[in-house]
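# Report on the structure
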Amino acid sequence: MKAMNYRGPFRIRIDEKPMPEILHPRDAIVQVTRACICGSDLHLYHGMVPDTRIGSTFGHEFIGIVRELGSEVTNLKVGDKVLVPFNIACGQCVFCLQGLYANCHEANTMATAGGGIFGYSHLAGGYDGGQAEYIRVPYADVGPTVIPEDMDEEDALLLTDVLPTGYQAAEMGGIQKGDTVVVFGAGPVGIMAARCAWLFGAERVIVIDHLEYRLDFVKNYANCEVYNFKSLEDPVLFIKHITNWLGADVCIDAVGSDACGNAMQTITGKKLLLQAGAATALHWAINSVKKGGIVSIVGVYGPTDNLVPIGNVLNKGITIRANQTSVKRLLPKLMKHVQDGILSPKDIITHRFALEDLPDAYRIFSSKLDECIKPVIVL
Amino acid sequence: MNLVSKNLNTLEGWGIDANPENDPTYPMRDRDNNVTGTRPTQQIARVEVLQSIERPHYTAVFGETIPPSGLSGQLRRYAFQHSESRYRHWLPLLLADRIQEYEEIINDVKKGKIPNFYAETGGKAMWRYDKPALIKKVACVAIGAFIISCAFKRLLK
Ligand SMILES: NC(=O)c1ccc[n+]([C@@H]2O[C@H](COP(=O)([O-])OP(=O)(O)OC[C@H]3O[C@@H](n4cnc5c(N)ncnc54)[C@H](O)[C@@H]3O)[C@@H](O)[C@H]2O)c1
Ligand SMILES: [Zn+2]
Ligand SMILES: [Zn+2]
């Protein structure tokens, strides 16, 4: 079968790989019909994630058709069209039982801090991903969800990660009616977070980025205020200024370790890899939130250390909430919101590529070319 | 050992201010139902799978992709002798990633497959949407290659 093949930072190609096999009675083999590239894949593509082995296939956002089932999977049948949450979760460990599917303790032999994720290096379990014709899906009786007849398949595709992640970012912010929310990052995740902030009753939603085309998009899509940090000398001071000098009630980091905007963070985090990526957005989030406010982190950082003003977290009495998204926990609610027409995630898709064009797709998404917001691979 | 056997109920004031609502976890931990969890059936490894030493055993499922091999594999095996809390774990892994890149270029060439760096790095997309960056990159590579070849010639003399 054809699959994406990582060859080193900024280098990928499409190669023939052996067909995946059932390795556990709860596995399924899924034929991928659509897959995305995610901002999280860029951390791998940029070579920032330790134990990203050459030859890996990335891709954790995909939908497809069930082609083979292990003996213990009874809730699916061959031919079912499924959306597959990006977390690999057993559904029966102490963490899964608490709804922390992202933190399943039975899916990642190589690390304990993170759970298992499709196509996300050996840091997340060493599984091949969905940027391929076929994929092995472990715990197929837990994650994969049959796509309802009346749901657009590209909406279903974005329910595997982006929409739940934006939603969880807002949810972890504990947003209450009347709150001012600042979202750092106008990528797919930040766009969804800004959109979802309204569902919790925010009174004001502000999005910060430096890409004008993304700010234009989110302004219309999520009906929010937008500011370009390139034109602000000091984004933190600016946010204080527009929030009565107190700061926002909730700040959301939807940027993660590939942040721009601060030379020291960029050099130490992205060039020299002396910290686990550049924590510029998180730094700004901590410093722009109100005393006693909440910082919600969904932007991804590597496993080592980051330079953030932890003293200010203490002195301001900030509550930090963070996690990978437990997609399965949120799916019932979000599928309904999509079916009811409240949320329309597929509208953020700007590019569609064939699998063969993946190297160009990665380049376009990574370098933010051609006004790209969300690229999809059509198989 | 520091373990002191104690009967909590005889400790003065034990639990008098306990407040189950003061729980910042999210989703809030279910403490009432004594959630314990069970283990799924164990997958059997067919290849070498490196295991975090912060775990007592393999997780019930795991990926079998790209077992460690070569020098990068040795480094990875070393890294996995240390916990996730130590630089001795992460730095060798980062180094192994860089080394494996070159090991794999050699493997590619051995198989008669010369890597097409232009295509692999999305050169076509850059040519179409970001020519200045592409030209800068190509110039940098050319200058680098020139300097290295000059240095080599000197060395050989
Ligand atoms: N927690 C989860 O489960 C989860 C799931 C999916 C993605 N993520 C993470 O969310 C983050 C965003 O993902 P994405 O797909 O939207 O990526 P993306 O790369 O498309 O978007 C990131 C955006 O942040 C902007 N940005 C850079 N520096 C900034 C700064 N200092 N302040 C404000 N904006 C800045 C960029 O211009 C870009 O528009 C990534 O770190 C990704 O790994 C987390
Ligand atoms: Zn993703
Ligand atoms: Zn679990």
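Shown above is the structure to which this text applies.
So, a few notes on the structure that sits alongside this text. (Residues numbered from 1 in each chain as written. Chains lettered and ligands numbered in written order. Predicted model: local features only at pLDDT ≥ 70, side-chain atom pairs only at ≥ 80, totals over all residues. Heavy atoms only, no water.)

## Structural notes on the coordination of the zinc ion (ligand 3)
All names here are of chain A. Note on the zinc ion (ligand 3): its protein donors are C90 (SG), C93 (SG), C96 (SG) and C104 (SG). The metal-donor distances range over 2.3 to 2.4 Å. Around the zinc ion (ligand 3), the 4 donor atoms sit at angles spanning 101 to 118°, and that spread fits a shape best called tetrahedral. Coordination of the zinc ion (ligand 3) draws on donor residues from a single chain, spaced C-x2-C-x2-C-x7-C in sequence. Taken together, the positions of C93 in the loop between β6 (87–88) and β7 (116–117) and C104 in the loop between β6 and β7 put the pair 11 residues apart, joining distant regions of the chain. For the pair shown, C93 and C104 are each scored as buried. (Donors = N, O, S within 2.8 Å, 3.2 Å for Na, K, Ca; no water. Tetrahedral: all angles 85-135°; square planar, octahedral: opposite > 155°, others 65-115°. Helix = DSSP H or I, 4+ residues; strand = E, 2+ residues; numbered from the N terminus. Buried < 20%, exposed > 50% of the residue type's maximum accessible area, 1.4 Å probe, protein only.)

## Digging into the site of ligand 1
All names here are of chain A. Looking at ligand 1, there are 33 residues lining it, with S40, D209, V255, V298 and T325 nearest. The separation between an oxygen atom of ligand 1 and a polar main-chain atom of G39 is 3.0 Å. Within the side chain of Q324, a nitrogen or oxygen atom sits 3.1 Å from an oxygen atom of ligand 1. Compared with its free state, where it exposes 860 Å², ligand 1 has 97% of that area covered by protein. Residue assignment for the shell around ligand 1 shows that the elements contributing at least two residues are α1 (39–45), α4 (188–197), β11 (204–209) and α8 (280–288). Top element by residues in the shell around ligand 1 is α1. It accounts for 4 residues. Across the shell around ligand 1, the residue classes tally to 16 nonpolar, 13 polar and 4 charged. Domain assignment of the residues forming the shell around ligand 1 places at least three in each of domain 1 (2–161 + 326–378) and domain 2 (162–322). (Near = heavy atom within 4 Å. Polar contact = N/O pair within 3.5 Å; in protein donor to acceptor, adjacent residues only side chain to side chain. Areas by Shrake-Rupley, 256 points an atom, 1.4 Å probe, with all protein chains shown as cover. Nonpolar A, V, L, I, M, F, W, Y, C, P; charged D, E, K, R; others polar. Domains from an automatic or database assignment.)

## Comments concerning the packing of helix α6 (residues 235–242) of chain A against α8(A)
Residue and element names in this part refer to chain A. Running from N to C, α6 and α8 point in directions that differ by 30°, and their axes come no closer than 9 Å. Of the possible angle classes, the one that applies to α6 and α8 is roughly parallel. Judged by the twist between their axes, the crossing of α6 over α8 is right-handed. Note on element contacts: α8 touches α6 through W284, N287 and S288, opposite P235, V236, I239 and K240. Counted by class, the contact of α6 with α8 contains 4 nonpolar, 2 polar and 1 charged residues. (Axes fitted to C-alpha atoms, helices over the stretch in contact; angles between N-to-C directions. Parallel < 35°, antiparallel > 145°, perpendicular 65-115°, else oblique. Left-handed = near helix turned anticlockwise from the far one by under 90°. Contact = heavy atoms within 4.5 Å.)

## So, the coordination of the zinc ion (ligand 2)
Residue and element names in this part refer to chain A. Coordination of the zinc ion (ligand 2) by the protein is provided by C38 (SG), H60 (NE2), E61 (OE) and D161 (OD), with metal-donor distances spanning 1.9 to 2.3 Å. Here the zinc ion (ligand 2) is ringed by 4 donor atoms whose angles at the metal span 91 to 139°, and the overall shape comes out irregular. Here the donor residues of the zinc ion (ligand 2) are spaced in sequence according to C-x21-H-E-x99-D. With E61 in the loop between α1 and β4 (62–69) and D161 in the loop between α2 (153–158) and α3 (162–172), this residue pair connects regions lying 100 residues apart in the sequence. Here E61 falls in the buried class, since its relative accessible area comes to 1%. Look at D161 and you get buried, because its relative accessible area is 5%.

## Details of empty space enclosed by the protein
All names here are of chain A. Tallying each qualifying case throughout the model produces 3 cavities of 30 Å³ or more. Approximately 40 Å³ is the volume found for the largest cavity. In this structure, the largest cavity is lined by P85, N87, A89, Y101, V142, G143, V327 and K328. Here the lining of the largest cavity is built from residues that sort into 5 nonpolar, 2 polar and 1 charged. (1 Å grid on protein atoms, 1.4 Å probe; cavity = no way out; pocket = protein on both sides within 12 Å on 5 of 7 lines; lining within 4 Å. Points joined across faces, edges and corners; volume = space filled by probe spheres on them.)

## Quick notes on the pairing of β4(A)
All names here are of chain A. Pairing of strand β3 (residues 28–36) with β4, which is carried by 7 bridges, proceeds in the antiparallel orientation. Bridge pairing in β4 links V30 to V66. Where β4 meets strand β5 (residues 81–84), 4 bridges bridge the pair, whose relative direction is antiparallel. Paired with F62 across the strands is V84, a residue of β5. (Pairing = 2+ DSSP bridges.)

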